Amino acid sequence: MSETNWTTSITKTAAGELRVRGYAITDMIARLSFAQTVFLILKGQLPTEAEARMMEGLLVSSIDHGITPPSNLAARTVLSGGNSLNAAVAAGILTIGDSHGGAIEQCARILQEAVVAGEDAATLVRRLKAAGKRMPGYGHRIHARDPRSNALLELADQCGFTGPHIRLAAALMEELERGTDKKLPLNVDGAIAAVISEMGFDWRLGKGFFIIARTPGLVAHVFEEWTTQKPMRKLGPLGGEYAGPADREIP
Ligand SMILES: CC(C)(COP(=O)(O)OP(=O)(O)OC[C@H]1O[C@@H](n2cnc3c(N)ncnc32)[C@H](O)[C@@H]1OP(=O)(O)O)[C@@H](O)C(=O)NCCC(=O)NCCS
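Residues numbered from 1 in each chain as written. Predicted model: local features only at pLDDT ≥ 70, side-chain atom pairs only at ≥ 80, totals over all residues. Heavy atoms only, no water.

## Notes on the packing of helix α3 (residues 49-61) against helix α11 (residues 206-228)
Stage number 1. Close contact between α3 and α11 brings their axes to 7 Å; oriented N to C, the two are set at 70°. Judged on the interaxial angle alone, α11 and α3 are roughly perpendicular. Taken together, the residues of α11 that come into contact with α3 (itself represented by Met55, Leu58 and Leu59) are Phe209, Ile212 and Ala213.
Stage number 2. In terms of residue class, the contact of α3 with α11 is built from six nonpolar, no polar and no charged. (Axes fitted to C-alpha atoms, helices over the stretch in contact; angles between N-to-C directions. Helix = DSSP H or I, 4+ residues; strand = E, 2+ residues; numbered from the N terminus. Parallel < 35°, antiparallel > 145°, perpendicular 65-115°, else oblique. Contact = heavy atoms within 4.5 Å. Nonpolar A, V, L, I, M, F, W, Y, C, P; charged D, E, K, R; others polar.)

Take a look at the structure:
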């Protein structure tokens, strides 16, 4: 890359013309779905029918999870403070981290590296436990079994994507739950991680999948807050318990 002239292999822009990965956007508007277009821009090539169907499922699976996740709470709180839609949605996106949505990245990395190294589920879980680490993509605050994961894995099966990453992801759940009553389901982040790994996506795109899928949900929540609630309404935690020092005087 020259120091003065940036290059990109994503989109060619000229007066009156836009080509994404070589395809004219004017043709894409009529002929490609949003999921096909997301696949194209991330992978650089048009998806097969099975890849397009799977991509639709991946994007639908994480569109929203109600009002309680950190991203929706942050987005609504920032809007309620008197800020714009874009600031509120950006605040929601900023909460996406290793414990919320972002687990896709680290889970996909672990699955991809384990498959390359030929590491099995039992060895992997032993290694994580010895390091005192949690397995990203497993466990859920609400679901004992995450319904989205099953639906995604069924779709992956129908689309012909079941392979070593998905098999390892399923074996890991059994291994994590072995000898304990604790439910550690493969959550939607883990299922997405396994499927995108099977589809050949780099693990570093993991958080990107969640951001692309969740942004419409965030916009809907921010719009609802804006149009149905008064600014600075009482936001949770309601009351808020004080746990600091007793009342005292400055000596
Ligand atoms: C999602 C998550 C925060 C939900 O947590 P939770 O249901 O409130 O469970 P807790 O954090 O109270 O943990 C309960 C127990 O399960 C264990 N546990 C929870 N998730 C675990 C995981 N992914 N791997 C290994 N152990 C896990 C904890 O170590 C804890 O064990 P302990 O009782 O022996 O101390 C948690 O499962 C997690 O951190 N998962 C990894 C990150 C992730 O996948 N996030 C995406 C969520 S959609």
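Resuming the write-up.
## A short note on helix α6 (residues 103-117)
One full turn of an α-helix is made of 3.6 residues, so residues set three or four places apart face in the same direction.
Stage number 1. If you check α6, its first and last C-alpha atoms are 21 Å apart, about what 15 residues at 1.5 Å a residue would give, namely 21 Å.
Stage number 2. Among all positions in α6, only Ala103, Ile104, Glu105, Cys107, Ala108, Ile110, Leu111, Gln112 and Ala114 are buried.
Stage number 3. Buried residues along α6 sit against α7 (121-130), α9 (164-177), α10 (188-198) and α11.
Stage number 4. Where α6 terminates, the next one or two residues include Gly118, which has phi positive at roughly 70°. (Expected span 1.5 Å × (residues − 1). Buried < 20%, exposed > 50% of the residue type's maximum accessible area, 1.4 Å probe, protein only.)

## A short note on the site of the ligand
Stage number 1. Around the ligand sit 15 residues, and of these Arg134, Met135, Gly137, Tyr138 and Asn187 come closest.
Stage number 2. Taking Arg134, its side chain carries an N or O atom lying 2.9 Å from an oxygen atom of the ligand.
Stage number 3. Within the contact set of the ligand, an oxygen atom lies 3.1 Å away from a side-chain nitrogen or oxygen of Lys182.
Stage number 4. Looking at the shell around the ligand residue by residue, the classes come out as five nonpolar, five polar and five charged. (Near = heavy atom within 4 Å. Polar contact = N/O pair within 3.5 Å; in protein donor to acceptor, adjacent residues only side chain to side chain.)

## Considerations on the domain arrangement of the protein chain
Stage number 1. The domains assigned to the protein chain are domain 1 (10-47) and domain 2 (50-231).
Stage number 2. Each of domain 1 and domain 2 was reduced to a C-alpha centroid, and the two centroids are 26 Å apart.
Stage number 3. Of the residues lining the interface, ten residues belong to domain 1; the matching set on domain 2 comes to eleven residues.
Stage number 4. For the pairing of domain 1 and domain 2, the buried interface totals around 910 Å² over both sides, and the portion due to carbon and sulfur atoms is 78%.
Stage number 5. The tally of links between domain 1 and domain 2 comes to zero salt bridges.
Stage number 6. At the surface where domain 1 touches domain 2, the tally comes to two residue pairs in polar contact (both at pLDDT 80 or more).
Stage number 7. When grouped by side-chain class, the residues that make up the side of domain 1 that touches domain 2 number seven nonpolar, two polar and one charged. (Domains from an automatic or database assignment. Buried area = accessible area lost by both parts, 1.4 Å probe. Salt bridge = Lys/Arg side-chain N within 4 Å of Asp/Glu carboxyl O.)

## Quick word on the nonpolar core
Stage number 1. If you look at the biggest cluster of nonpolar residues, it comprises 45 residues, and the most contacted ones within it are Met54, Leu58, Tyr138 and Leu172.
Stage number 2. Those elements giving two or more residues to this core turn out to be α2 (34-43), α3, α6, α7, α8 (147-158), α9, α10 and α11.
Stage number 3. Tallying contributions element by element places α10 first for this core, with seven residues.
Stage number 4. Split by domain, this core shows at least three residues from each of two domains, domain 1 (10-47) and domain 2 (50-231).
Stage number 5. Counting six residues, the second largest nonpolar core, distinct from the first, contains Ala75, Leu79, Val89 and Val222. (Core = buried A, V, L, I, M, F, W, Y, C linked by side-chain atoms within 4.5 Å.)

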